[in-house]
Amino acid sequence: MNTAKSYDPCWLRFQPIKDKQIIDKYSSLCSKIVLDENSLNLKAISNELNDGLKNLLSVTPDFTDTLPGSDAIILGKIGQFSFMDDLLESHEQESINTEGFIIKSICSAAHKRLVISAKSDKGLLYGVFRFLLHLSIEENLENLYILENPRSELRMINHWDNLDGSIERGYAGKSIFYENNNLVQNAERLIDYARLLATVGINSIVINNVNVHSNETELINQKISITKKLAEVFREYGIRTFLSINYASPIQSGELDSADPCDLKVIKWWESVISNLYKEIPDFGGFLVKADSEHRPGPLTYGRDHAQGANMLAKILKSYNGILIWRCFVYNCKQDWRDVTTDRAKAAYEIYKQFDGAFLDNVILQIKNGPMDFQVREPVSPLLGAMPHTSQILELQITQEYTGQQIHLCYLIPQWKEILDFDTYAKGRGSTIKKVVGGLLHGTKLNGFAAVVNVGNDFNWTGHYLAQANLYGYGKLAWNPDVSAEEITKEWIRLTFGKDVEIESVLLKMLLDSWLVYESYTSPLGLGWMVTLGSHYGPSVDGYEYSPWGTYHRADNKMIGIDRTSSGGTGFTKQYFKENENAYEYQTSCPEELILFFHRLSYTHKLKSGKTLIQHIYDTHFEGVQKVKDMKAKWESLKGKIDEHRFEHILARLTAQEEHAKEWCDVINSYFYRKTGISDVNGRNIY
Ligand code: GCV
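Residues numbered from 1 in each chain as written. Predicted model: local features only at pLDDT ≥ 70, side-chain atom pairs only at ≥ 80, totals over all residues. Heavy atoms only, no water.

Trainee: How would you sum up the overall build of the protein chain? Please name residues and give values.
Mentor: When helices and strands are counted, the protein chain shows 21 helices and 18 strands. For the C-alpha atoms alone, the extent of the protein chain along its principal axes is close to 80 × 65 × 50 Å. The buried share of the protein chain, reckoned over its 687 residues, is 62%. In the protein chain, the proportion of contacts linking residues at least 24 apart, taken out of those at least 6 apart, comes to 71%. Carbon together with sulfur atoms contributes 49% to the accessible area of the protein chain, which is approximately 25300 Å² in total. On the protein chain, the mean spot of the 74 positive side-chain charges and the mean spot of the 86 negative ones are 2 Å from each other. (Helix = DSSP H or I, 4+ residues; strand = E, 2+ residues; numbered from the N terminus. Buried < 20%, exposed > 50% of the residue type's maximum accessible area, 1.4 Å probe, protein only. Contact = heavy atoms within 4.5 Å. Areas by Shrake-Rupley, 256 points an atom, 1.4 Å probe, with all protein chains shown as cover. Lys, Arg positive; Asp, Glu negative; His and termini not counted. Charge placed at Lys NZ, Arg CZ, Asp CG, Glu CD.)

If you want it as structure tokens, here you go:
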């Protein structure tokens, strides 16, 4: 059972059901399963059913491939059993897509039946997991009817893991994949990780850091056995494996002296490497590339552009049904801070927009949600939706690099919901980001989501127990971006902490409020970046101010913020479609939470609340600390209701958060008080 493992089961707890009524009600239904095991490519389907039912109901199901006259679960692909046509309406069969599924309960006086059906093994697996999770929280199975299709083709996880076991921007221990340049000997944990991902519908994984160092460069050739082993684990759970590659691999290998995408020798080199990869891993997904970004090599070195660089690899991958994902996180990271004309926010659009339609159709551009870099608050990247002839996926960051590093509670689903609901106006009103990444807006062939994951080998996987919810929620949103934050959160709480009204109400509020609470005591009004240089943790108001990274607030004793308007500013607002451009261009219409991202204002500027900008900064920071205190008190009220280990662990994180929030508040408020000399109207202690 899960409890004996050396790590937390997260939302896959599958504890024995205690309610005798439920056991009596469903034991007979779950003891017989109609299933043709030989027709399944994913053995996980029957294994999960077997293990799940044994854990939950102490039932060992009897598998059969004929329809019994008794209660039974009927599991099969559409068209597989002749009797399926009597159980599923033709419109139901038609409306399920390749990875969707249906769960349908059919009860008559004679017997109870539960049909789980799909068009593919992956769909069946998702259906089985959904059924088991449903049962595990003791939901009613009678009248159960779920027909779901994932909205996006790619629902991807990006690991920033290195072969030495370190994780770039990892806050939950070491890699669960690698140590000492080899695989970690922990096969069971890897399988459980694949299970966790599959339960929320993740179907693709990049297994190494986008900053590909020398050891990781070899995952495509000398160290291919590592890639192959991980691909085997993930394949069983319907997850396709991808690699981040070093664009200069031909040079790094010592075999060539160039990585020029137009050099025939280079092309041949990649052809041979890719052919071998597919020989070893026939369903290999493809490559993710960070090129010409933050000192990583790329085609620009050879006078070639991004489209030439990407297409060379994509062309080779195409014949194997592979995909090439090209990141758009490209900007000048050697900027002179004295230069006020260059605007990092403009970089991705300026570089990539011109290539719309120039990429092969198996190339996807991976675009971070904001134009800067996963700050607690940024506008949505104007590049998203702006390239109608190019596949795009949205890159989110589950790992909390700038959002409290899994010490602070910062539940990101509300932030991601805002991003997904953002209207780009690319094709008029209603051109939301979720339509862009669902391929609905421009009809692009490939589409979806990628996110940098937050897991490591900590007992609880994510550093903070409650950060597990960010991983869960990401998968749920990638599957269906329309589902509400509240619904996702309640589901996660029930699966993870059981069904209890008080626990649910406390945790729901803590989680749903936490992003805005974090924002309130950190960097104000869309500025971002007031963190310690390098580590990105803790307040350092000028940490990035005189640096080459293009990340400035430009505070003096009168004014703060960046003018990004087209009338006197950097002109970034121009990159948006008219409606958004107009909104951001003017102080009166710019959303206030982003006002200093777009405008340079005086500290005495009056906000809509009637408060001055400086007073708003003071107030939100004091309030933020108080909210963390309240959150902690709420958590403490659950003592005795939650197992001691998790209770104490979370309490310790909240205690650290309270202390660090106070640090943030004092540093930020003191900085601005000293800069401006303007006192807090409420006379609170500022240093
Ligand atoms: C993997 C930021 C992070 C880097 C990260 C980079 C990226 O700069 O601080 O650690 O590198 O983004 O997304 O490529």
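Trainee: Residues and numbers for the side chain of Arg155, please.
Mentor: Mapping Arg155 onto the fold places it in strand E7 (residues 154-158). Polar contacts involving the side chain of Arg155 include one to the side chain of Tyr126, which spans 3.3 Å. Not counting residues within four places of it along the chain, the set of residues in contact with Arg155 comprises Glu99, Tyr126, Pro150, Gly201, Ile202, Asn203, Ser204, Phe449, Tyr474, Ala478 and Trp479. (Polar contact = N/O pair within 3.5 Å; in protein donor to acceptor, adjacent residues only side chain to side chain.)

Trainee: Help me get a handle on the site of the ligand, residues and values and all.
Mentor: The local shell around the ligand holds 14 residues, among which Glu168, Lys290, Arg327, Lys368 and Glu401 are the closest. One of the side-chain nitrogen or oxygen atoms of Lys290 is found 2.6 Å away from an oxygen atom of the ligand. With the chains in place, 95% of the 340 Å² that the ligand exposes on its own is no longer accessible. Considered class by class, the residues forming the shell around the ligand number 3 nonpolar, 3 polar and 8 charged. (Near = heavy atom within 4 Å. Nonpolar A, V, L, I, M, F, W, Y, C, P; charged D, E, K, R; others polar.)

Trainee: How would you summarise helix H8 (residues 224-235) if you had to cite specific residues and measurements?
Mentor: Helical geometry note: an α-helix holds 3.6 residues per turn, so side chains three or four residues apart project in the same direction. The end-to-end C-alpha separation of H8 is 16 Å, in line with the 16 Å expected for 12 residues at 1.5 Å each. Buried residues along H8 sit against strand E8 (178-179), strand E9 (182-183), helix H6 (187-199), strand E10 (204-206), strand E11 (240-245) and helix H10 (264-280). (Expected span 1.5 Å × (residues − 1).)

Trainee: Go over the packing of H6 against H8, please, and point to the residues and values.
Mentor: Between H6 and H8, the shortest axis-to-axis distance is 9 Å and the interhelical angle comes to 50°. Our classification of the angle between H6 and H8 gives oblique. H6 and H8 meet at a crossing whose hand is right-handed. Here Leu190, Ile191, Tyr193, Ala194 and Leu197 of H6 come into contact with H8, specifically with Leu230, Val233 and Phe234. Within the contact of H6 with H8, the residues separate by chemical class into 8 nonpolar, no polar and no charged. (Axes fitted to C-alpha atoms, helices over the stretch in contact; angles between N-to-C directions. Parallel < 35°, antiparallel > 145°, perpendicular 65-115°, else oblique. Left-handed = near helix turned anticlockwise from the far one by under 90°.)

Trainee: Can you lay out unusual backbone geometry for me, pointing to particular residues and giving the numbers?
Mentor: In this structure, Glu138 is a non-glycine residue whose phi angle is positive, near 55°. The topology assignment puts Glu138 in the loop between helix H5 (121-136) and strand E6 (145-148). One non-glycine residue, Tyr425, lies in positive phi territory at about 65°. Structurally, Tyr425 is set in the loop between helix H13 (413-421) and helix H14 (433-437). A residue is classified by how much of its surface remains accessible, and Tyr425, at 17% relative accessible area, is buried.

Trainee: Would you mind going over the nonpolar core in detail, with residue names and values included?
Mentor: One finds Phe131, Tyr193, Trp270 and Phe287 to be the most contacted residues of the largest nonpolar core, which totals 200 residues. In contact with Trp270, other than residues within four places in its own chain, are Ile220, Ile245, Asn246, Tyr247, Ser249, Pro250, Phe287, Met312, Leu313 and Ile316. One finds Leu154, Val206, Ile323 and Ile364 within the second-largest nonpolar core, a separate group that totals 14 residues. (Core = buried A, V, L, I, M, F, W, Y, C linked by side-chain atoms within 4.5 Å.)

Trainee: Describe the packing of helix H2 (residues 44-57) against H5, listing the residues and the values that go with them.
Mentor: Interhelical geometry of H2 versus H5 gives an angle of 5° and a closest axis separation of 10 Å. As the angle between them shows, H2 and H5 are arranged roughly parallel. The residues of H5 that touch H2, namely those facing Ala44, Ile45, Glu48, Leu49, Gly52, Leu53, Leu56 and Leu57, are Asp121, Leu124, Leu125, Val128, Phe129, Phe131, Leu132, Leu135 and Ser136. Residue classes in the contact of H2 with H5 are distributed as 13 nonpolar, 2 polar and 2 charged.

Trainee: I'd like a description of the pairing of strand E13 (residues 323-327), backed by residues and values.
Mentor: Across the 5 residues of E13, 5 count as buried, placing the element largely inside the fold. On E13, burial covers both faces: Ile323, Ile325 and Arg327 on one face and Leu324 and Trp326 on the other are all buried. Strand direction decides the pairing type here: strand E12 (residues 286-289) and E13, joined by 4 bridges, are parallel. Across the sheet, residue Leu288 finds its bridge partner in E13, namely Ile325. This β-α-β element, E12 to helix H11 (residues 306-318) to E13, shows right-handed connectivity. For E13 and strand E14 (residues 363-368), the ladder comprises 4 bridges, and the chain directions are parallel. (Pairing = 2+ DSSP bridges. Right-handed = clockwise from strand over helix to strand, strands pointing away.)

Trainee: I'd like a description of the pairing of E14, backed by residues and values.
Mentor: Judged by how many residues are buried, E14 sits mostly within the fold: 6 of 6 residues are covered. Burial of E14 is two-sided: the residues Val363, Leu365 and Ile367 facing one way and the residues Ile364, Gln366 and Lys368 facing the other way are all buried. Regarding topology, helix H12 (residues 347-352) serves as the crossover connection from E13 to the parallel E14, and that connection is right-handed. Bridge analysis of E14 against strand E15 (residues 391-397) gives 5 bridges, and the strand direction is parallel. Each residue of the ladder has a partner; that of Gln366, found in E15, is Ile393.

Trainee: Could you give me a rundown of empty space enclosed by the protein, with the residues and numbers involved?
Mentor: Applying the stated criterion across every chain yields a total of 9 cavities of 30 Å³ or more. Estimated volume of the largest cavity: approximately 110 Å³. Around the largest cavity, the lining is made up of 13 residues, and of these Cys328, Phe329, Ala348, Gly370 and Pro371 lie nearest the centre. When contributions to the lining of the largest cavity are tallied by element, the ones reaching two or more residues are H12 and E14. Among the residues making up the lining of the largest cavity, the classes are represented as 9 nonpolar, 2 polar and 2 charged. (1 Å grid on protein atoms, 1.4 Å probe; cavity = no way out; pocket = protein on both sides within 12 Å on 5 of 7 lines; lining within 4 Å. Points joined across faces, edges and corners; volume = space filled by probe spheres on them.)

Trainee: Summarise the layout of surface pockets; cite the residues concerned and give the values.
Mentor: Rolled over the atoms, a probe sized like a water molecule indicates the empty space that remains. Taken as a whole, the largest pocket encloses approximately 650 Å³ of empty space. Together, 28 residues line the largest pocket, and Glu99, Lys122, Glu153, Asn203 and Arg240 are the ones closest to its centre. Sorting the residues of the lining of the largest pocket by element identifies H5, E7 and E11 as the ones contributing at least two each.

Trainee: Residues and numbers for the environment of Gln366, please.
Mentor: Along the polypeptide, Gln366 turns up in strand E14. Measuring from C-alpha to C-alpha, the distance between Gln366 and Leu384 comes to 9.5 Å, with 18 residues separating the pair along the chain. Each residue touching Gln366, except ones within four places of it in the same chain, is listed here: Asn158, Leu288, Ile325, Trp326, Arg327, Cys328, Ile393, Glu395 and Ala450. For Gln366, the side chain forms a polar contact with the side chain of Asn158, separated by 2.9 Å.

All quantities given are derived from atomic positions and should not be read as evidence of function.
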